[in-house]
Amino acid sequence: MWEYSDIVKEHYKNPKNVGSIEDADAIGEAGALACGDALKLYLKIKDGIVTDAKFQTFGCGSAVASSSILTEMIIGKPLEEVRKITNKDIADKLGGLPPEKMHCSVMGHEALEDALKNFEGGKDEEKPQAKVNKNKIICNCFSVTENAIREAIEHNGAKTVEDITALTYAGGACGRCKGNIQAIINTYNMEAKNNKEELNTVQFILKVNKVIEKNIMPELGKDCGGIELVNIEGKDVYVRLTGTCKGCRNSNLTLKNFVQAQLREHVDSEINVTEVG
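Overview of the structure. Please read all numbers here as calculations on a predicted model, not as lab measurements.

**Some words on the overall build of the protein chain**
Looking only at helices and strands, one finds 11 helices and eight strands in the protein chain. A compact globule built from 277 residues should have a C-alpha radius of gyration of about 19 Å, and the protein chain, at 20 Å, falls within 12% of that. Here the protein chain, with 277 residues, has 39% of them falling under the buried criterion. Taking as baseline every contact in the protein chain between residues at least 6 positions apart, the subset at least 24 positions apart corresponds to 56%. Accessible surface for the protein chain amounts to roughly 15200 Å². Of this, 49% is attributable to carbon and sulfur atoms. Charged side chains in the protein chain number 35 positive and 41 negative. The centres of these two groups are separated by 2 Å.

**Topic: the nonpolar core**
Core analysis: the largest hydrophobic core is formed by 49 residues, its most contacted members being Leu43, Ile74, Leu112, Ile149, Ile153, Ile164 and Ile181. Residues within four places of Ile149 in sequence aside, it is in contact with Ile138, Val144, Ile164, Ile181 and Ile184. Core analysis: the next-biggest nonpolar cluster, separate from the first, contains 18 residues, Val208, Val239, Leu255 and Val267 among them.

**Remarks on the packing of helix 5 (residues 102–120) against helix 7 (residues 146–156)**
Between helix 5 and helix 7, whose axes approach to 11 Å, the crossing angle comes to 130 degrees. In terms of axis orientation, helix 5 runs oblique to helix 7. Relative to helix 7, the crossing made by helix 5 is right-handed. Between helix 5 and helix 7, the contacting residues are Met102, His109, Glu110 and Glu113 on the first element and Asn147, Ala148, Glu151 and Asn156 on the second. Considering only residue class, the contact of helix 5 with helix 7 consists of two nonpolar, three polar and three charged.

**Notes on the sheet that holds strand 7 (residues 236–243)**
The mixed open sheet is built from three strands, whose spatial order is 6-7-8. The open sheet has two edge strands, strand 6 (225–233) and strand 8 (272–275), and neither has a second partner. The average angle at which neighbouring strand axes cross in this sheet is 35 degrees, direction not considered. For strand 7 and strand 8, the ladder comprises four bridges, and the chain directions are parallel. From the neighbouring strand, Asp236 faces strand 8, where its bridge partner is Asn272. Against the sheet, helix 10 (residues 201–221) engages strand 6 and strand 7, with an angle of about 165 degrees to strand 6. Each of strand 6, strand 7 and strand 8 touches helix 11 (residues 251–266); the most contacted strand, strand 8, lies at about 145 degrees to it.

**Quick word on unusual backbone geometry**
A positive phi angle is found at Asn17, which is not glycine, with a value near 60 degrees. Take Asn17: its relative accessible area is 22%, and that puts it in the partly exposed class. Positioned with a positive phi, Cys224 is a non-glycine residue whose angle comes to about 65 degrees. Within the secondary structure layout, Cys224 lies in the loop between helix 10 and strand 6.

**Some remarks on the pattern of salt bridges**
If the charged atoms of two oppositely charged side chains come close together, the side chains can form a pair. In this structure the tally under the stated criterion is 10 salt bridges. A salt bridge links Asp25 to Lys44; its shortest N-O distance comes to 3.7 Å. One end of the pair, Asp25, is in the loop between helix 1 (6–13) and strand 1 (26–32); the other, Lys44, is in strand 2 (residues 37–46), with 19 residues separating them in the sequence. Its relative accessible area of 33% is what places Asp25 among the partly exposed residues.

**Quick notes on the environment of Asn87**
Within the element layout of this structure, Asn87 appears in helix 4 (residues 87–93). Placed 13 residues apart in sequence, Asn87 and Glu100 show a C-alpha to C-alpha distance of 14 Å.

**A closer look at the pairing of strand 3 (residues 49–58)**
Relative to strand 3, strand 2 is paired through nine bridges, and the arrangement is antiparallel. The partner of Lys46 across the bridge, within strand 3, is Ile49.

Each value, and the rule that gives it
- Residues numbered from 1 in each chain as written.
- Predicted model: local features only at pLDDT ≥ 70, side-chain atom pairs only at ≥ 80, totals over all residues.
- Heavy atoms only, no water.
- Helix = DSSP H or I, 4+ residues; strand = E, 2+ residues; numbered from the N terminus.
- Rg over C-alpha atoms; globule rule 2.2 N^0.38 Å.
- Buried < 20%, exposed > 50% of the residue type's maximum accessible area, 1.4 Å probe, protein only.
- Contact = heavy atoms within 4.5 Å.
- Areas by Shrake-Rupley, 256 points an atom, 1.4 Å probe, with all protein chains shown as cover.
- Lys, Arg positive; Asp, Glu negative; His and termini not counted.
- Charge placed at Lys NZ, Arg CZ, Asp CG, Glu CD.
- Core = buried A, V, L, I, M, F, W, Y, C linked by side-chain atoms within 4.5 Å.
- Axes fitted to C-alpha atoms, helices over the stretch in contact; angles between N-to-C directions.
- Parallel < 35°, antiparallel > 145°, perpendicular 65-115°, else oblique.
- Left-handed = near helix turned anticlockwise from the far one by under 90°.
- Nonpolar A, V, L, I, M, F, W, Y, C, P; charged D, E, K, R; others polar.
- Pairing = 2+ DSSP bridges.
- Salt bridge = Lys/Arg side-chain N within 4 Å of Asp/Glu carboxyl O.

Now the structure itself:
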C-alpha cells in the first residue's frame, strides 16, 4: 500500500485551478491516454508573469495532485522562476510521492516545459543545435524526449532503463527505444565523470559539512531529529544521529536512503556513511 502525504490527499480531494483558459497565452500537453495519464496545462502570461494557470488531467490521484500543486507554484511567478521548476520540486512541494508515482510529477514538468516552449515560439531556433537535439523524441510510444530522460537521471537519481521507464514510461511499450535510453544513461554518466570536481582532503571535508548543514540537517530537523559529523576517513563518513533520529528503528534507512544519498549526489558517488554511537 502506497503512503501519501496529507498535501497529496488534499490536492486530490480538492484540486485547485481545474479547467481551461479560452484565451490562454500558452498551452502545454504531456502524457498519453495509452498509458493512463494525460495532462493539458493552460497559462495566462502578462509582462513576464504567469497571472493564471489551469489544468485538465486524465489520470490517478497523484496526477491530479501534481497538476494542482503545479498551478499554485507558478501563478504569480515570473517566467525566469517558473523555468527553473523541476519535477522534483513538484514532488517535494507535495511532501513527496511514492517512487511508483514519480512519473506524475514528471508529467507536470513536461507539460510546463511544453507550454513555455509554445509561448516562446521560434526562440528555440536561436538555441545551440546541441541543446535543441536534447528535445528529440526517444520513445515514440509515449513521446518522451531525451531531455526528459536526462532530467529523470539528474533530478530523480535514475540509474537504469527500468528506473527511466518507472519515471517517464519510456521503453514501457514496444521497447525498441531501450538501447537509446541506455546510451543516454551511459553518456550522462561519462559526462558526469569527466566534469566531476576533484577535491583535496580539506575541500572534501568542507563540502561534506556544507551538504550536512544545508541539505540534511533541515530535513531531519522537521521531525526533531539531528545529525553530527564525527569523522571522515577517505570516502568513509562517520556520523552520529541525534534527537528523534537516535535509536529510531528506521535509522538505517535514514542513513542510507537519505544521508548517504545526499552526500553521494552532492559530493562524491563513492561515499559510504556509517553511524557511530
